[in-house]
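Breakdown of the fold
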Amino acid sequence: MGKASGVKQATVVVAALAFGWLAIEIAFKPFLDKLRSSIDKSDPAKDPDDSDKDAAFAAAAAASETSSV
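Everything in this summary refers to the structure shown in the same document.

Rules of the game
Residues numbered from 1 in each chain as written. Predicted model: local features only at pLDDT ≥ 70, side-chain atom pairs only at ≥ 80, totals over all residues. Heavy atoms only, no water. Helix = DSSP H or I, 4+ residues; strand = E, 2+ residues; numbered from the N terminus. Buried < 20%, exposed > 50% of the residue type's maximum accessible area, 1.4 Å probe, protein only. Areas by Shrake-Rupley, 256 points an atom, 1.4 Å probe, with all protein chains shown as cover. Axes fitted to C-alpha atoms, helices over the stretch in contact; angles between N-to-C directions. Parallel < 35°, antiparallel > 145°, perpendicular 65-115°, else oblique. Contact = heavy atoms within 4.5 Å. Salt bridge = Lys/Arg side-chain N within 4 Å of Asp/Glu carboxyl O.

So, the overall build of the chain
For the chain, the count of helices and strands is 3 helices and 0 strands. The order of α-helices and β-strands along the chain, N terminus first, is α-α-α. The burial tally for the chain puts 1% of its 69 residues in the buried class. Of the accessible surface of the chain, which amounts to about 6300 Å², a share of 68% is contributed by carbon and sulfur atoms.

Laid out in structure tokens, this is it:
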């Protein structure tokens, strides 16, 4: 057999990558479906870091109100 051309090698690599991706999608389908549905339900405008800062600020404000009373 002669040397494999670059196009043939690239085709084999792309096919192997596609097969690998498909195998992973099938193997982890239940987990991936659960993950994707939770991502769809999430609110992109809400930043969890901001809510932590707001909660800390509210706790500090409540503590200062009770200490001043």
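Here's the deal with the packing of helix α1 (residues 6-27) against helix α2 (residues 29-41)
Taken N-terminus to C-terminus, the directions of α1 and α2 make an angle of 80°; their axes are 5 Å apart at the nearest point. In terms of orientation, α1 lies roughly perpendicular with respect to α2. Listed contacts from α2 to Ile-24, Glu-25, Ile-26 and Ala-27 of α1 are Lys-29, Pro-30, Leu-32 and Arg-36.

Quick look at the pattern of salt bridges
Applying the stated criterion across every chain yields a total of 2 salt bridges. A salt bridge links Arg-36 to Glu-25, with the shortest nitrogen-to-oxygen separation between them at 3.0 Å. Taken as a pair, Arg-36 in helix α2 and Glu-25 in helix α1 lie far apart in primary sequence, 11 residues in all. Overall, Arg-36 belongs to the partly exposed group, its relative accessible area being 39%. Residues Asp-33 and Lys-29 are paired through a salt bridge, measuring 3.5 Å at the closest nitrogen-oxygen approach. Taken together, the residues Asp-33 and Lys-29, both in helix α2 and 4 residues apart, mark about one turn of the helix. Lys-29 sits in the partly exposed class, given a relative accessible area of 47%.

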